[in-house]
Amino acid sequence: HRVSVKHSLERGSYEICGGCRHPLLPEEREGPKFRQGVHCLYCMDNLTPEHLQRVVARQLQIELAAKRQEQHLGTFDASPQAIKRQRADSRASASAGPALEATASPPPAAA
């Protein structure tokens, strides 16, 4: 969840809070009010129960994808290799033409 870069496009130290999207310094990610992907010291006491439930569920899906060594839909790999793969995948799917649409089966006849 990188959100900052330094000069020469080096990785910065800020990361984004999963609950409120506030940029956080490393020291703000330490302590009891921070939970990775869920909340930070700025939003911990302000999240509605519904929002908290959503971000906890999202973080769980991210962790499960990591255990399976898969990339979660909500994450983005900005490495040069990943960008080349994404471009190649886009070109391949564009050259394949439109996907065939699934046909719906007719409803069962009434007896």
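Summary of the structure given here. Because the structure is predicted, anything quoted here is derived from the model rather than measured.

Bringing helix α1 (residues 49-67) into the picture now. For α1, spanning 19 residues, the distance from its first C-alpha to its last is 27 Å, which sits close to the expected 27 Å at 1.5 Å a residue. All of the buried residues along α1 are Val55, Gln59, Ile62 and Ala65. When α1 is viewed along its axis, its buried side chains cluster within an angular range of 120° and face the same direction. Those residues of α1 that are exposed and aimed more than 90 degrees away from the buried face are Pro49, Gln53 and Lys67.

With respect to the element layout, Glu15 can be found in strand β1 (residues 15-16). Accessibility expressed as a relative area gives 17% for Glu15, which makes it buried. Side-chain polar atoms of Glu15 contact the side chain of Arg11, separated by 3.4 Å.

The next point concerns the pattern of salt bridges. Applying the stated criterion across every chain, the model contains 4 salt bridges. Among the salt bridges present, the one from Glu15 reaches Arg11, with a minimum N-O distance of 3.4 Å. As a salt-bridge pair, Arg68 and Glu70 come within 3.1 Å of each other at their nearest N and O atoms. Salt bridges sharing partners connect three or more residues here, namely Arg11, Glu15 and Arg29.

Let's shift gears to the state of the cysteines. Applying the stated criterion across every chain, the model contains 0 disulfides. Among the cysteines around Cys17, which has no disulfide bond, Cys40 carries the closest sulfur, lying 3.6 Å off. The exposure class assigned to Cys17 is buried, which follows from its relative accessible area of 1%.

Reading the values: the criteria
- Residues numbered from 1 in each chain as written.
- Predicted model: local features only at pLDDT ≥ 70, side-chain atom pairs only at ≥ 80, totals over all residues.
- Heavy atoms only, no water.
- Helix = DSSP H or I, 4+ residues; strand = E, 2+ residues; numbered from the N terminus.
- Expected span 1.5 Å × (residues − 1).
- Buried < 20%, exposed > 50% of the residue type's maximum accessible area, 1.4 Å probe, protein only.
- Arc of directions from axis to C-beta.
- Polar contact = N/O pair within 3.5 Å; in protein donor to acceptor, adjacent residues only side chain to side chain.
- Salt bridge = Lys/Arg side-chain N within 4 Å of Asp/Glu carboxyl O.
- Disulfide = S-S within 2.5 Å.

Nothing here speaks to function; it is geometry throughout.
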